[in-house]
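Inside the fold
Residues per chain, in single letters:
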Amino acid sequence: MMSRTVLLLPGDGIGPEIITEAEKILRAINEKFDLKLTFETGLVGGAALDEEDNPLPDETLEKARKADAILLGAVGGPKWDALPMAKRPEKGLLGLRSNLKLFANLRPAILYPQLASASSLKPEVVSGLDIMIVRELTGGIYFGQPRGVRQLESGERQGYNTYAYTETEIRRIGRVAFEAAQQRGKKLCSVDKANVLEVTVLWREIMNELKSEYPDVELSHMYVDNAAMQLVRAPKQFDVIVTGNMFGDILSDEAAMLTGSIGMLPSASLNSEKQGMYEPCHGSAPDIAGKGIANPLATIISAAMMLRYSLDEEAAAAAIEAAVNRVLDQGLRTADIMSEGGTRVSTREMGDAVLAAL
Ligand code: IPM
Ligand code: MG
């Protein structure tokens, strides 16, 4: 088997702390399963701005293109908030997504039974929850042109963005979602705002067209405002949700909270070659950075997703997930998932416990 390269991009805030733990697990699993992975690291986000005055240095992009998979911590923080848009840490992340054409963002929201009491919703509403949000990641209002802040003739400034999707973009994310539904509960809900926005009228039309290729999948449509409500009212009605970039950003944070903590949720961003970037759904959490209390599990589970989707190492992925389950069974909890009867542990202790459980 030839060697494969994993690029680690710690980024900002709690990024370096959680990547350290995930790297520990990956190195151990690499030995144990003889995966022949080699590891590289790179700068992205604020860390790259500080060193190179660029949130996505050429060197990082080059390494990312060559890597078989990328594991990213998080980017951003108050230190860089006042910078112009082109120099924001987030541009590093968005640049990686668009340059590598990582259009398909998979964000599973799964409730670990051990954490049912950490959810802000009643246990009966969330127990057994298992949703997959398929978010389009390289188009929509995040990338639409024109965009900017312009001077109007009246003298006042106007900010504007463009919400646009081509048929091709809609079709390719639609296929990923239909295929995901086929592998799961065979129910797909497409979320749009087709009562107001033409772009999502087209979105809905294409999803309906695709449906004929997937006769075994039940397709429904929902307006995004209703979807936001249904997610907290009766989240178990959903199996797979497919939606555009911005709605997906918002709904995936909401879905994350159903499971108790966003500190548990992994994500995968894939291109059509299955090359992928894996990252926790949460951000850089500057308020707790450096305190050693962040939950490394979302990153560790993201590493498991990476083994499964980009590196074809199902057994190694399952071993990591089983180890995570075991530490949760043991009652070990970082602050964000702490509840009565749990044993509070630090970021590093959590990583060590997963390592021991492996
Ligand atoms: C996410 C984040 C990013 C996004 C930010 C950091 C640019 O919120 O991955 O959900 O909006 O996509
Ligand atoms: Mg987000």
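Overview of the structure. Since we're looking at a predicted model, the values are computed, not measured.

Points about the site of ligand 1
The full set of residues close to ligand 1 is E90, L93, R97, R107, R135, Y142 and D249. Contacts to ligand 1 include R135, whose side-chain N or O atom sits 2.8 Å from an oxygen atom. Take D249: an N or O atom from its side chain is 2.9 Å from an oxygen atom of ligand 1. With the chains in place, 78% of the 320 Å² that ligand 1 exposes on its own is no longer accessible.

Considerations on the packing of helix α1 (residues 15-32) against helix α12 (residues 347-357)
Interhelical geometry of α1 versus α12 gives an angle of 15° and a closest axis separation of 9 Å. Classified by the angle between their axes, α1 and α12 sit roughly parallel to one another. The way α1 lies across α12 gives a crossing that is right-handed. Contact residues: E17, E21, K24, I25 and A28 in α1; T347, R348, G351, D352, V354 and L355 in α12. The residue inventory of the contact of α1 with α12, partitioned by class, reads 4 nonpolar, 2 polar and 5 charged.

Details of the pattern of salt bridges
Tallying each qualifying case throughout the model produces 22 salt bridges. The salt bridge partner of R184 is D130, with a shortest N-O separation of 3.1 Å. Pair noted here: R184 is in the loop between α6 (167-183) and β8 (187-192) and D130 is in strand β5 (residues 130-136), with a separation of 54 residues, a long-range link. Because the salt bridges share partners, they merge into one network encompassing E21, K24 and D352.

Some words on the pairing of strand β10 (residues 240-243)
Looking along a regular strand, one sees the side chains alternate between the two faces of the sheet. Burial of the side chains of β10 extends over both faces: V240 and V242 are buried on one face and I241 and T243 on the other. Where β5 meets β10, 4 bridges bridge the pair, whose relative direction is parallel. Across the sheet, the residue bridging to V134 is V242, located in β10. For β8 and β10, the ladder comprises 3 bridges, and the chain directions are parallel. Residue pairing in the sheet places L188 in a bridge with V240 of β10.

Calculation rules
- Per chain, the residues get numbers from 1 upward, laid out in the order the sequence is written.
- Following the order in which they are written, the chains are lettered starting with A and the ligands numbered starting with 1.
- Two thresholds apply to this predicted model, a pLDDT of at least 70 for residue-level local features and 80 or more for giving and counting side-chain atom pairs, whereas whole-chain, interface and lining totals are computed over all residues.
- With hydrogens and water set aside, each side-chain value is computed from the structure's full complement of heavy atoms.
- For this purpose, a residue is taken to be near a molecule or strand whenever a single non-hydrogen atom of the residue falls within 4 Å of it.
- Polar contacts, as used here, are pairs of N or O atoms within 3.5 Å; protein pairs need one atom able to donate a hydrogen and one able to accept it. Residues neighboring in sequence count only if both atoms are side-chain atoms.
- Using a 1.4 Å probe, the Shrake-Rupley method yields the accessible areas, and only the shown protein chains count as cover for residues.
- Helix axes use the C-alpha atoms of the stretch in contact, all axes being lines fitted to C-alpha atoms, and the angles between their N-to-C directions lie in the range 0 to 180 degrees.
- Segments assigned H or I by DSSP are reported as helices when at least four residues long, segments assigned E as strands when at least two residues long, and all are numbered from the N terminus.
- Angles below 35 degrees are treated as roughly parallel, those above 145 as roughly antiparallel, those between 65 and 115 as roughly perpendicular, and all remaining angles as oblique.
- Handedness of a crossing is defined here by the sense of rotation of the near helix relative to the far one, left-handed for an anticlockwise turn of less than a right angle and right-handed for a clockwise turn.
- Should any heavy atoms of two residues lie within 4.5 Å, those residues are considered in contact.
- For this classification, Asp, Glu, Lys and Arg are treated as charged, while Ala, Val, Leu, Ile, Met, Phe, Trp, Tyr, Cys and Pro are nonpolar and the rest, including Gly, are polar.
- Salt bridges are defined by distance alone: a side-chain nitrogen of Lys or Arg within 4 Å of a carboxyl oxygen of Asp or Glu.
- Only protein chains enter the accessibility calculation, which uses a 1.4 Å probe; a residue whose area is less than 20% of its type maximum is buried, one above 50% is exposed, and one in between is partly exposed.
- When DSSP finds at least two bridges between two strands, those strands are taken to pair.

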